[in-house]
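What follows is each chain in one-letter form.
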Amino acid sequence: MPRISAATCLAFAMALAPAVAHAVEPPAPAERKQLVIISFDGAHDNKLWEKSLEMGKRTGARFTYFLSCTFLMTRAEGGKTYQAPGHKAARSNVGFAQSREEIQARVRHIWAAHEAGHDIGSHACGHFDGKGWSTADWKLEFSAFNIALAGAWKAAGIPGEEPKGWADFATHGIKGFRAPYLSLSDGLLPALKQDGFTYDASLVTKGPGWPSDADGLPRFGLPLIPEGPQQRRVIGMDYNLFVRHSMGIENKKDSAVFEERTLDAYRKAFQKEYDRNRIPLQLGFHFVEMNGGAYWRALDRFLTETCGKPDVACVSYAEALPIIAKQKKADRSAF
């Protein structure tokens, strides 16, 4: 489970001042798509790979999977070569694959997702907090990710099954990044630019927002959205809802209650943007079903009722970028 500092928890959970009661909102621009961007961090559990791919196929949504690369190696084999900056070799905050068979299923899921039009991004390797990392440290972690992805079929013990396009995908197909713990350092942006990433999704924003421009690199932020009886804002991510609802302690007994609260928050956050400025709505998830699967069930219901609405596009970050660029060109006043 991703850890989070007390200061970050406070920032995520803080209440924001309500909008002016009589403010007049502009009508929704008819020519602008309402984007819904769903992402998954970690991308390891093979059963959840299957569930998410089926959900995407059924609802028409395309996702971004931020992959942690230690799940492409066992500790006994790949752990010998992976060493995160400032840590001992063969260390990982999220563990490693338990077997070659597990890696086999995972690489097949990654390739299936790629072929289905989903976006595979980097979540670095061992899920370490990089708040103190230099540019060189980040580049070392990116290099470890690239090596692990390129050699994944060999690490799985099935090099002969490697798809023809895998090498090109591993070299050129990973364009997005999300920092573990959403933890940044001054060295991250230069490293992202030097390594050819086309977007970063590691920020948090007060509400749904357009990507900011950081020296030419688009940076997306997960929004704080109103939730619960008091409509206090919380980051739009399953883990933060898990902490809000049950203090981060698994509670299956109240799973249905948490599901309804979550779905209500997603619906309201979406409707506000859909009816007004149509700013993209970003929601984040992990490959862990917390509180009895409440947040994944809410996601499934939300996508089922939302992705087919007029002028709605449930897209990955990679797909969102050109759509946003086109909309920005057509209507610069809104950005």
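Going by the structure above, here's the rest.
Presented here is an overview of the structure given in this document.

## Here's the deal with the packing of aromatic side chains
Argument step 1. Summed over the entire model, instances satisfying the criterion amount to 29 aromatic pairs.
Argument step 2. Each ring, one from Trp-133 and one from Trp-138, has its centre 4.8 Å from the other, and the planes form 70 degrees; the classification is edge-to-face. Accessibility classification places Trp-133 together with Trp-138 in one group, the buried group.
Argument step 3. Taking 6.1 Å as the distance between ring centres and 80 degrees as the angle between the ring planes, the aromatic pair formed by Tyr-266 and Phe-285 counts as edge-to-face. Note that Tyr-266 is positioned in helix 9 (residues 255–275) and Phe-285 in strand 9 (residues 281–286), a separation of 19 residues in sequence.

## Quick notes on the state of the cysteines
Argument step 1. Enumeration over the complete set of coordinates arrives at two disulfides.
Argument step 2. Note on cysteine connectivity: Cys-69 is disulfide-linked to Cys-125, with sulfurs 2.0 Å apart. Measuring the twist about the S-S bond at about 100 degrees, one finds the Cys-69-Cys-125 disulfide to be right-handed. With a gap of 56 residues between them, Cys-69 in the loop between strand 2 (64–67) and helix 3 (100–115) and Cys-125 in the loop between strand 3 (119–122) and helix 4 (135–150) connect regions that are remote in the sequence.
Argument step 3. By relative accessible area, which is 0% here, Cys-125 ends up buried.
Argument step 4. Here Cys-307 engages in a disulfide with Cys-314; their sulfurs sit 2.1 Å apart.

## Some words on the side chain of His-245
Argument step 1. When you line up the elements, His-245 lands in helix 8 (residues 238–246).
Argument step 2. Judged by relative accessible area, His-245 falls into the buried class, the value being 12%.
Argument step 3. Once residues within four sequence positions are removed from consideration, His-245 is found in contact with Glu-227, Phe-258, Arg-261, Thr-262, Asn-291 and Tyr-295.

## What about the nonpolar core?
Argument step 1. In this structure, Tyr-65 and Leu-303 are the most contacted members of the largest nonpolar core, which totals 79 residues.
Argument step 2. When sequence neighbours within four positions are dropped, the list of residues in contact with Leu-303 reads Val-36, Ile-38, Met-55, Thr-59, Ala-61, Phe-63 and Cys-314.
Argument step 3. Counting residues in each nonpolar core, the second largest holds 19 residues, with Ile-37, Ile-279, Val-315 and Tyr-317 among its members.

## Digging into the pairing of strand 10 (residues 312–315)
Regular strands have side chains that alternate between both faces of the sheet.
Argument step 1. Side-chain alternation along strand 10 places Val-312 and Cys-314 on one buried face and Ala-313 and Val-315 on a second face that is also buried.
Argument step 2. One ladder, built from four bridges, connects strand 1 (residues 34–42) with strand 10; its direction is parallel. Within strand 10, the residue paired with Leu-35 across the bridge is Ala-313.

## Describing the pairing of strand 5 (residues 199–205)
Argument step 1. In terms of strand pairing, strand 4 (residues 176–177) meets strand 5 through two bridges, oriented parallel. Following the sheet pairing, Gly-176 is matched in strand 5 by Tyr-199.
Argument step 2. On the question of chirality, the crossover connecting strand 4 to the parallel strand 5 by way of helix 7 (residues 188–194) is right-handed.

The rules behind these values
- Residues numbered from 1 in each chain as written.
- Predicted model: local features only at pLDDT ≥ 70, side-chain atom pairs only at ≥ 80, totals over all residues.
- Heavy atoms only, no water.
- Phe/Tyr/Trp six-rings, centres within 6.5 Å; stacked < 30°, edge-to-face > 60°.
- Buried < 20%, exposed > 50% of the residue type's maximum accessible area, 1.4 Å probe, protein only.
- Helix = DSSP H or I, 4+ residues; strand = E, 2+ residues; numbered from the N terminus.
- Disulfide = S-S within 2.5 Å.
- Contact = heavy atoms within 4.5 Å.
- Core = buried A, V, L, I, M, F, W, Y, C linked by side-chain atoms within 4.5 Å.
- Pairing = 2+ DSSP bridges.
- Right-handed = clockwise from strand over helix to strand, strands pointing away.

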